[in-house]
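What follows is each chain in one-letter form.
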Amino acid sequence: MASLRGELPSLMNTLLICVTFISLSCCEEFAKSYRRPNIVLILTDDLDIANGGLVSFKNLEYISVNSQFVASPLCCPSRASILTGKYPHNHHVINNTLEGNCSSIVWQKTEEGHTFPALLKAFAGYQTFFAGKYLNQYGHREAGGVEHVPPGWSYWVGLEKNSKYYNYTLSVNGKAQKHGSDYSKDYLTDVLANMSLDFLQYKSNFLPFFMMVSVPAPHSPWTAAPQYQNKFNTTKAPRGPNFNIHGKDKHWLIRQAKTPMSNSSIKFLDEAFRKRWTTLLSVDDLVEKIVKQLEIRGELDSTYVFFTSDNGYHTGQFSLPLDKRQLYDFDIRVPLMVRGPNIKPNQTSPLLVANVDLGPTMLDIAGYNVSKTQMDGMSFLPIMGLVNSTGWRTDILVEYEGEGSNVTDPACPLLGPGVSECFPDCVCEDSYNNTYACVRTIGPSANLQYCEFDDNEVFVEVYNMTADPFQLTNVARSIEQEVLEKMNRRLMILQSCSGQSCRTPGVYDPRYKFDPRQMFIGQSWQQSRLRQKI
């Protein structure tokens, strides 16, 4: 299996030489006064929590944050939110394409130098290591190719473009390293595990470290390691209350799904669900190896380990076969598991956390003042392990800009142009006007979701998540008008927020006071292109 043993010693010798000079600079006060905790972030790709995505894991004995949501249910915008601590309307990554600012030159010039790993390295004295999938268009020739190494990384192993398991290219500190289809040398999840272990072995022992391991699983093409290919043979996608039913009161894109699904569609999604679980067994091995190595080195008790995903996933809910991109909890709610100093295992926190909070939290762990940044999120370090906190936020923003094709899909002529991600039976998972913004609220007196679409209808969906956790009934037409007006104003505020203004009390927070000036603090999220309406 590929490793970094040929590469890391020379790098680490360089780092050790640098330590002598670093100790004379900003990092001296950290080394003298307090050795900051180490931080490990393990990021999966398309791992849900609503449909049993954690079943494959046996090595996650951490505190579980029951309510972590993503800022956008799509890989590149969500990953950009993790790195920057910003909502999409502030980091401007709107989809997985270069034109959508995914790893583009504009991203590199405006946001990449201000990510939380860059701040950890530059101002908190951390040695930093990245391995795996970065942003979907990383390595594109028009954005610097694999020679481009994002600022903030002491050691860089970046996957070229999107998730794969075999036949891929890695950028190892800006040099292309090609891999084939030999399991013993090339299976990406295992390659990343071995490279991570090498980093732990060869890194400097004089500085704290941040390690981010971004695995391909359970993203398609769902290629399991050979020893796991036949696992879960009888497993099927969960048949919950929202499985294979018509979303009759939802946005048109959900209503167009064929119900009941064809037998071939159900067979396909069941097999995909099973394969997704098999790929996660190797991720569980990776988690175990990293934790054991930290324990052997005597570093586990001084290390925070975070485990999460960039977005959720659905398999048959509301008769949508397979994808993410929708506003429902199965796509926007993801696992977040944390272990570390002073954290008791096997707890569950109900407090509302967003992935824009990950960066601020890790900076807080490192002792960096988050208020010096322009991040929209907030550190949840002070409330980790608490069941309730009167000072914690009660709502977050979710944003998504739909994508479609300018030409009609020949297999689905009745739907016309403007749709994308279509299946053979003409069920499409996305469209230009599948563009929405939501306020997701969780507080002592409310568990609510309010969403508005940017379409000809200005369609609204509202869900009482306490009474209707599977989001079966859109109550937008029956809920009190006062609630609709309050949530509409709150959505406008969050869509134009930046930094501190994103953290003001929500509608169901006792501290909430409506100030119309907050609705115009920044420029509202304006769509970046003209859409063909459907």
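As the structure is a prediction and not an experimental result, all values here were calculated from the model. (Residues numbered from 1 in each chain as written. Predicted model: local features only at pLDDT ≥ 70, side-chain atom pairs only at ≥ 80, totals over all residues. Heavy atoms only, no water.)

### Here we look at the overall build of the chain
Secondary structure assignment for the chain yields 13 helices and 19 strands. Element-wise, carbon and sulfur atoms account for 53% of the exposed surface of the chain, whose accessible area totals about 20700 Å². (Helix = DSSP H or I, 4+ residues; strand = E, 2+ residues; numbered from the N terminus. Areas by Shrake-Rupley, 256 points an atom, 1.4 Å probe, with all protein chains shown as cover.)

### What about the confidence of the model for the chain?
Per-residue confidence for the chain gives a mean pLDDT of 89, with 89% of residues at or over 70. Contacts for the low-pLDDT stretch residues 8–33, under 50 throughout, to residues beyond four places or in other chains number 31 contacts. Ignoring residues within four places in sequence, the model shows residues 523–534, a span with pLDDT below 50, making 40 contacts including any to other chains. (pLDDT = per-residue confidence, 0-100. Contact = heavy atoms within 4.5 Å.)

### Some words on the side chain of N434
Note on placement: N434 falls in the loop between β16 (428–431) and β17 (436–443). On the basis of relative accessible area, N434 is assigned to the buried category, the value being 1%. Beyond its immediate stretch of four places on either side in the chain, N434 contacts H251, L253, R325, Q326, Y400, E401, G402, E429 and F453. (Buried < 20%, exposed > 50% of the residue type's maximum accessible area, 1.4 Å probe, protein only.)

### A look at the state of the cysteines
Disulfide: a covalent bond connecting the sulfur atoms of a pair of cysteines. Scanning the model with the defined rule gives five disulfides in all. One disulfide bridge connects C76 with C102, the sulfur atoms lying 2.1 Å from each other. The disulfide joining C76 to C102 has a torsion of about 95° about its S-S bond and is therefore right-handed. With C76 in helix α3 (residues 75–84) and C102 in the loop between α4 (88–91) and α5 (105–110), the pair connects residues that are 26 residues apart, well separated along the chain. Between the sulfur atoms of C422 and its disulfide partner C428 the distance amounts to 2.0 Å. Handedness of the C422-C428 disulfide follows from its S-S torsion of about 100°: it is right-handed. Exposure remark for C428: the relative accessible area of 1% places this residue in the buried category. Indicated for the chain is the disulfide connectivity 1-2, 3-5, 4-6, 7-8, 9-10, based on numbering the bonded cysteines in sequence order. (Disulfide = S-S within 2.5 Å.)

### So, the environment of F273
Mapped onto the elements of the fold, F273 is located in helix α10 (residues 263–296). In this structure, the C-alpha to C-alpha distance between F273 and L322, residues 49 residues apart in sequence, is 9.1 Å.

### Here we look at the packing of aromatic side chains
Two descriptors summarise a pair of aromatic rings, namely the distance from one centre to the other and the angle between the planes of the rings. As enumerated under the stated definition, the model contains 28 aromatic pairs in all. An angle of 50° between the planes, with centres 5.6 Å apart, marks the rings of Y183 and Y187 as tilted. Relative to F459, the ring of F453 lies with its centre 6.2 Å away and its plane at 65°, an arrangement referred to as edge-to-face. Its relative accessible area of 5% is what places F453 among the buried residues. Here F459 falls in the buried class, since its relative accessible area comes to 12%. Among the aromatic residues, those joined into a ring-pair cluster are F116, F130, Y134, Y138, W153, W156 and F210. Above the ring of Y313, the side-chain terminus of R276 is found at 4.0 Å from the ring centroid. (Phe/Tyr/Trp six-rings, centres within 6.5 Å; stacked < 30°, edge-to-face > 60°. Lys NZ or Arg CZ within 6 Å of the ring centre and 35° of its normal.)

### With respect to the sheet that holds strand β14 (residues 395–400)
In any sheet, the strands associate via hydrogen bonds between backbone groups, in a parallel or an antiparallel arrangement. Taken in spatial order, the four strands make up an open sheet running β14-β17-β18-β19, and their pairing is antiparallel. Because the sheet does not close on itself, it has two edges, and the strands there are β14 and β19 (460–464). Ignoring strand direction, the axes of neighbouring strands in this sheet form an average angle of 15°. Across five bridges, the pairing between strand β18 (residues 446–453) and β19 is antiparallel. (Pairing = 2+ DSSP bridges. Axes fitted to C-alpha atoms, helices over the stretch in contact; angles between N-to-C directions.)

### Regarding the pairing of strand β8 (residues 303–309)
In terms of residue burial, β8 counts as a mostly covered element, since seven of its seven residues are buried. Alternating positions in β8 separate into two faces, T303, V305, F307 and S309 on one and Y304, F306 and T308 on the other, with burial throughout. Of the strand pairs in this sheet, strand β1 (residues 38–44) and β8 are connected by seven bridges, and their pairing is parallel. Bridge assignment links L41 to a residue of β8, and that residue is F306. Relative to strand β12 (residues 336–339), β8 runs antiparallel, the two sharing four bridges. The residue bridging F306 from the neighbouring strand is V338, located in β12.

### With respect to the packing of helix α6 (residues 116–123) against helix α12 (residues 358–365)
Relative to each other, α6 and α12 sit at 15°, their axes nearing to 9 Å. Between α6 and α12, the crossing angle belongs to the class labelled roughly parallel. You can see that α6 and α12 cross each other, and the crossing is right-handed. Within the contact between the two elements, α6 uses F116, L119 and L120 and α12 uses G359, M362 and L363. The residue makeup of the contact of α6 with α12, split by class, is five nonpolar, one polar and no charged. (Parallel < 35°, antiparallel > 145°, perpendicular 65-115°, else oblique. Left-handed = near helix turned anticlockwise from the far one by under 90°. Nonpolar A, V, L, I, M, F, W, Y, C, P; charged D, E, K, R; others polar.)

### Points about the UniProt feature "modified residue: 3-oxoalanine (Cys)" (unreviewed entry) in the chain
Mapped onto this numbering, the UniProt entry gives "modified residue: 3-oxoalanine (Cys)" (unreviewed entry) at C75. Mapped onto the fold, C75 is located in helix α3. (UniProt positions renumbered as here; feature names shortened; annotations may be inferred.)

### Regarding the nonpolar core
With 54 residues, the main nonpolar core has L170 and M211 as its most contacted residues. Residue assignment for this core shows that the elements contributing at least two residues are β1, β3 (127–133), β4 (155–159), β5 (169–172), α8 (188–202), β7 (209–214), α10 and β8. Broken down by element, the residue count for this core peaks at 13 residues, all from α10. Ignoring sequence-local partners within four residues, the contact set of M211 consists of I39, V40, L41, F129, S196, F199, L200 and I290. Core analysis: the next-biggest nonpolar cluster, separate from the first, contains 47 residues, L320, V462, L484 and C497 among them. (Core = buried A, V, L, I, M, F, W, Y, C linked by side-chain atoms within 4.5 Å.)

### Some points on the side chain of T169
Checked against the element boundaries, T169 lands in strand β5. Separated by 3.4 Å, the side chains of T169 and K178 make a polar contact. Once you skip the residues sitting within four places of it in the chain, T169 turns out to touch G158, L159, E160, A176, Q177 and K178. (Polar contact = N/O pair within 3.5 Å; in protein donor to acceptor, adjacent residues only side chain to side chain.)

### With respect to the packing of α8 against α10
Packed helices, taken two at a time, are described by their axes: the angle between them and the distance between them. Where α8 contacts α10, the two axes come as close as 9 Å, and the packing angle between them is 10°. Judged by the angle between their axes, α8 and α10 are roughly parallel. Contact with α8, carried on its side by T189, D190, L192, A193, S196, L197 and L200, involves S282, V283, L286, K289, I290, Q293 and L294 of α10 and no other residues of that element. Grouping the amino acids of the contact of α8 with α10 by side-chain chemistry returns eight nonpolar, four polar and two charged.

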